[in-house]
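# Fold and geometry: a report
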Amino acid sequence: MQIETIETHAYNDQNPGTSGLRKKVKVFEQPGYLENFVQAIFDSLEDFSGKTLVLGGDGRYFNRVAIQIIIKIAAANGFGELIIGQGGLLSTPAASHIIRKYQAFGGLILSASHNPGGPNEDFGIKYNVGNGGPAPEKYTDAFFQRSQVIDSYKTAIIEDVDLDNLGSQQIDGLKVTIIDPVTDYAALMQSIFDFNLLKQSISSGYITLMFDAMSAITGPYAKRILVDMLGAAPDSVINAEPLEDFGGHHPDPNLAHAHELAERMFSAGAPTFGAASDGDGDRNMITGSNIFVTPSDSLAIMAANAHLIPAYAKGLSGVARSMPTSQAVDRVAACYNIPCYETPTGWKFFGNLLDAGKITLCGEESFGTGSDHVREKDGLWAVLFWLNLIAVKRMPVADIVHEHWQKFGRDIYCRHDYEAVETPVANAIVDCLRQQITTLPGQSFGEYVVKYADEFCYEDPIDGSISKNQGIRIGFENGSRIVFRLSGTGTVGATLRIYIERFEADATRHNQDAQVALAELIELAEQFCEVKKRTGRVAPDVTT
Ligand code: G16
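Everything numeric here is computed off the predicted structure, so don't read it as measured data. (Residues numbered from 1 in each chain as written. Predicted model: local features only at pLDDT ≥ 70, side-chain atom pairs only at ≥ 80, totals over all residues. Heavy atoms only, no water.)

### A closer look at the sheet that holds strand 21 (residues 448–455)
- Overall, antiparallel pairing links the 7 strands, which are arranged 20-21-24-25-26-19-27 in an open sheet. Each of the sheet's edge strands pairs with one partner strand only, and the pair in question is strand 20 (444–445) and strand 27 (542–543).
- Bridging between strand 21 and strand 24 (residues 472–476) involves 5 bridges; their strand directions are antiparallel. The partner of Glu455 across the bridge, within strand 24, is Ile472.
- Helix 17 (residues 519–529) rests against strand 19 (410–421), strand 20, strand 21, strand 24, strand 25 (481–486) and strand 26 (494–504) of the sheet, and its axis sits at about 140° to strand 26. (Pairing = 2+ DSSP bridges. Helix = DSSP H or I, 4+ residues; strand = E, 2+ residues; numbered from the N terminus. Contact = heavy atoms within 4.5 Å. Axes fitted to C-alpha atoms, helices over the stretch in contact; angles between N-to-C directions.)

The following block contains the structure:
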């Protein structure tokens, strides 16, 4: 194989965020930008000569171009086999499964998740390690270090690979295998859930459903699993064709962006169950007829009912949630007497706990839930979990949620996002909050007395690694919490996220609107951080 070494100059902005490197496509299109980052990853890894790399993405604009570039760099750096999803497509959870199933050395996943796609929108790349999960911080730190001094990359002089025909081919000693992106993943789902029961529940009409693939990667997965394997009506999967620009929309599964689904679910004659997933298929939004289930509640409900699902019938070893996720799942863990871990935002922090068997289920407020079946959060898995629950319990979504609140109480929860805030303004907000950490404890604000204020620091219980500055928490004597942190996934300015929660034990007060129930805490949050005052904005850009 003929290999060329190309001189390059380092870029100083290749620091991976919460989930890999995400930038505008125009940034990735700069000469050597993608090449540098991929070479920096390979330079930071050891002992992969002759081994297998999995490659695929969510199909967004630049996906195919990037895959051809990466194939050549991977070949030049000595990988022995590349396993690539047909058409360059792999959902993030499917990529995680394929890395594990074929015992690959690792994988590169091309996605900017729920961010919009297109020539003027976002692209992203992340490296997943051999357990199928996102590279932990010690890796991503090394990639960034290397990217800052890189001065050349290696590339193989080979033709572009045909990504569309299934099967293996040898290219100058490199084996390239194009696989169907759905088959292995669908078989995994079949091994976890009760497909026979689901088929019966769907064919009898007890379950009717609508799944919004948001013109992103989950379309082919949902069609195969929900329609072909489980017998749902073909029109129950909407926006099923993956498009490079997601049809001009944000492939972000929330009530604002999945508006077609939301309208249907809150109208007369809504299906029993509605759900959506994001650009790369790892997020999920769960709804029922006239009800939206917050991701935090969804995690708690799944934990409380996991024994009803075949793969989890023996119970859970433990659960975990990211720090800003509501404490609803903690109550389930306490009731079942299993451990509950609190990790920083980012799926990579669950990997060690899952590998060590400390947890079976984990999730985040940011529409992510998953289990030990892969090492990523998994949108369609969550959809099938809920469908399986509805089929076993013979209860509509709203009844399942209310039954849960009745038993455990309700953690009323909301998140306010202020997007594209000028970075110096956002940093000043965080500094101002930091300064209040020592003065707030003991202060009273109406019925709210501050119990503690701190900046979350996580010590990984498995490898002892420490992650500092993971968000500012203000906790009150009555268990309420306000959390502030800056997003690690945005591509323009800074996004301030404010997470607010209050526990309500009284069942007669469970049906309140979250914004109303949390109004006092929302006011307090503004008093502490002054985001509206400092930015001149009157409301958050996104409320979930
Ligand atoms: C990624 C991470 C998640 C995280 C989310 C939001 O999800 O994998 O763990 O919760 O970003 O992070 P932030 O609050 O820093 O923006 P995804 O679906 O975007 O890959």
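### Some details on the pairing of strand 15 (residues 319–322)
- The alternating pattern of strand 15 places Val319 and Arg321 on one face and Ala320 and Ser322 on the opposite face, and all of these are buried.
- Bridge count for strand 15 against strand 16 (residues 340–343) is 4 bridges, and the pairing is parallel. From the neighbouring strand, Val319 faces strand 16, where its bridge partner is Cys340.
- Following the chain from strand 15 across helix 11 (residues 328–336) to the adjacent parallel strand 16, one finds a crossover that is right-handed.
- Pairing between strand 15 and strand 17 (residues 361–364): 3 bridges, direction parallel. By the bridge assignment for strand 17, Val319 is matched with Leu361. (Buried < 20%, exposed > 50% of the residue type's maximum accessible area, 1.4 Å probe, protein only. Right-handed = clockwise from strand over helix to strand, strands pointing away.)

### Quick word on the site of the ligand
- In the neighbourhood of the ligand, 19 residues make up the surrounding shell, with Glu364, Arg485, Gly488, Thr489 and Arg497 lying closest.
- Between the ligand and Gly488 there is a distance of 2.6 Å, counted from an oxygen atom to a backbone nitrogen or oxygen.
- Arg497 has a polar side-chain atom sitting 2.6 Å from an oxygen atom of the ligand.
- For the ligand, the protein covers 99% of the area, taking 470 Å² as the surface of the free molecule.
- Along the lines of polarity and charge, the residues of the shell around the ligand split into 1 nonpolar, 10 polar and 8 charged. (Near = heavy atom within 4 Å. Polar contact = N/O pair within 3.5 Å; in protein donor to acceptor, adjacent residues only side chain to side chain. Areas by Shrake-Rupley, 256 points an atom, 1.4 Å probe, with all protein chains shown as cover. Nonpolar A, V, L, I, M, F, W, Y, C, P; charged D, E, K, R; others polar.)

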